[in-house]
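Overview (structure and organization)
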Amino acid sequence: MPVDTKRITIPEDSCHPTLFAKEKEIPTNADIKLLKRDDGRKFLDVRPMYVNIGINSEARGSAYIELGGTKVICTVQGPREVTRREEFSLKGQLLCEFKYAPFSRPIRQPHLPTNEDKEIGRIIQLALEPAVILDKFPKARFDIFVIVLEDEGGALASSMTCCSMALVNAGIPMYDIVIGTSLLVVDDTFLVDPLSNESSRQWKSDTDNNGLLTIGYMPNINQLSACDQKGLFELTTLQKSISFAIEICKSVHPVIEKRLKNSVREILDEENATVST
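Bear in mind the structure is a predicted one, so any value in this text is a computation, not a measurement. (Residues numbered from 1 in each chain as written. Predicted model: local features only at pLDDT ≥ 70, side-chain atom pairs only at ≥ 80, totals over all residues. Heavy atoms only, no water.)

1. A few points about the overall build of the protein
Within the protein, the secondary structure is distributed over four helices and 11 strands. Burial status across the protein gives 43% buried among its 277 residues. Within the protein, contacts between residues at least 6 apart in sequence are counted, and of these 69% link residues at least 24 apart. When the accessible area of the protein is evaluated, it comes to approximately 16,100 Å², of which 53% is carbon and sulfur surface. (Helix = DSSP H or I, 4+ residues; strand = E, 2+ residues; numbered from the N terminus. Buried < 20%, exposed > 50% of the residue type's maximum accessible area, 1.4 Å probe, protein only. Contact = heavy atoms within 4.5 Å. Areas by Shrake-Rupley, 256 points an atom, 1.4 Å probe, with all protein chains shown as cover.)

If you want it as structure tokens, here you go:
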């Protein structure tokens, strides 16, 4: 098994800093109707969002997103020629590598990718493939690298949006951008954009509707590119949850679209200034 050589050796008698942190109570069988959210939001409110693109000059495309305390950065490289014969395809390929930074969570994350990282990377890849016009890049591959700098909840949904913006910044032809959102469902109650501690609680439920739903949605062509479900849902509740999550994506879309348009104007202004001089 490979050894992490980048870790600094610590004294043998040292203690993990989380032992001194104040523990948050996670109630079991909590009643969601009595919940007061830690950040003061209402059930249907999305956390404040900040987005930026083109932050990494070494990459072909890059983007950064903050959703409350969740911070994600994404870079795109390629297209690169596929040299291995078994990977040959007349259709272009996407490869997504997802990683939680070691300091992104209260408990230090390993330096090497975990099974959870690989699973999330695969979900993001499946969410982005329907949005990219891969037919224009035969025998080629795009590499997408996602790093979560801080995780307060909703890392998967934030990563979908961030990767989509990075692909646009890279100038890769796309059918549409992908907007991600997450929804916590307990009985007939929805919690939009839940925090980590809200998702990890054990809620008291009178039905089988208790779980977390994350979707990737392409608003301009009105198509769902990804749907990740954790927990149990009745069919009618699942349909209602997806419809509600789509409306949340539509409300976020103008913010992303405005930032992308502004970035194009900035590039054109720089080119015009260069030509005039």
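Back to the write-up after that little detour.
2. With respect to helix 1 (residues 115-128)
The terminal C-alpha atoms of helix 1 lie 20 Å apart, and with 14 residues this matches the ideal 20 Å at 1.5 Å per residue to within 8%. Buried residues of helix 1: D117, I120, G121, I123, I124, Q125, A127 and L128, and no others. (Expected span 1.5 Å × (residues − 1).)

3. With respect to empty space enclosed by the protein
All told, the structure shown has one cavity of 30 Å³ or more when counted by the stated rule. Here the largest cavity defines a volume of roughly 100 Å³. Taken together, 14 residues make up the lining of the largest cavity; nearest its centre are M49, L67, A157, G180 and T181. If you list the elements that add at least two residues to the lining of the largest cavity, you get strand 3 (61-67), helix 2 (155-169), strand 7 (179-186) and helix 4 (235-276). Per element, the largest residue contribution to the lining of the largest cavity is four residues, and it comes from strand 7. Of the residues belonging to the lining of the largest cavity, the class tally is eight nonpolar, five polar and one charged. (1 Å grid on protein atoms, 1.4 Å probe; cavity = no way out; pocket = protein on both sides within 12 Å on 5 of 7 lines; lining within 4 Å. Points joined across faces, edges and corners; volume = space filled by probe spheres on them. Nonpolar A, V, L, I, M, F, W, Y, C, P; charged D, E, K, R; others polar.)

4. Concerning the environment of L232
As for its placement among the helices and strands, L232 is situated in strand 11 (residues 223-232). Overall, the relative accessible area of 56% leaves L232 in the exposed class. C-alpha of L232 to C-alpha of N209: the two residues are 23 residues apart in sequence and 5.6 Å apart in space. In contact with L232, other than residues within four places in its own chain, are D208, N209, N210 and G211.

5. Let's talk about the sheet that holds strand 11
On the basis of which strands lie adjacent, the open sheet formed by four strands has the order 8-7-10-11 and antiparallel pairing. The sheet is open, and its two edges are formed by strand 8 (189-192) and strand 11, each paired on a single side. Direction aside, the axes of adjacent strands within the sheet are offset by 20° on average. Here eight bridges tie strand 7 to strand 10 (residues 210-218), and the two strands are oriented antiparallel to one another. Of the residues in strand 10, the one forming a bridge with G180 is G216. (Pairing = 2+ DSSP bridges. Axes fitted to C-alpha atoms, helices over the stretch in contact; angles between N-to-C directions.)

6. A word on the nonpolar core
Ranked by size, the top nonpolar core spans 58 residues in total, and within it I124, L128, I144, V146, L167, I172 and I256 carry the most contacts. For this core, the element with the most residues is helix 4, which contributes nine residues. With residues near it in sequence (within four places) discarded, V146 still touches V72, I73, C74, C96, E97, F98, K99, S159 and C163. (Core = buried A, V, L, I, M, F, W, Y, C linked by side-chain atoms within 4.5 Å.)

7. A short note on the pairing of strand 11
In the sheet, strand 10 pairs with strand 11 via nine bridges, with the strands oriented antiparallel. Across the sheet, residue L212 finds its bridge partner in strand 11, namely K230. Taking the residues between adjacent antiparallel strands as the criterion, strand 10 and strand 11 are bridged by four residues, where N222 takes a positive phi near 55°.

8. Looking at unusual backbone geometry
G78 connects to P79 through a cis peptide bond whose omega is 10°. Residue position: P79 is located in strand 4 (residues 70-81). In the Ramachandran plot, D187 falls in the positive-phi region, its phi being about 55° despite a non-glycine side chain. Of note, D187 is situated in the loop between strand 7 and strand 8. Unlike most non-glycine residues, D193 shows phi in positive territory, near 50°. Turning to its location among the elements, D193 is positioned in the loop between strand 8 and helix 3 (196-200).

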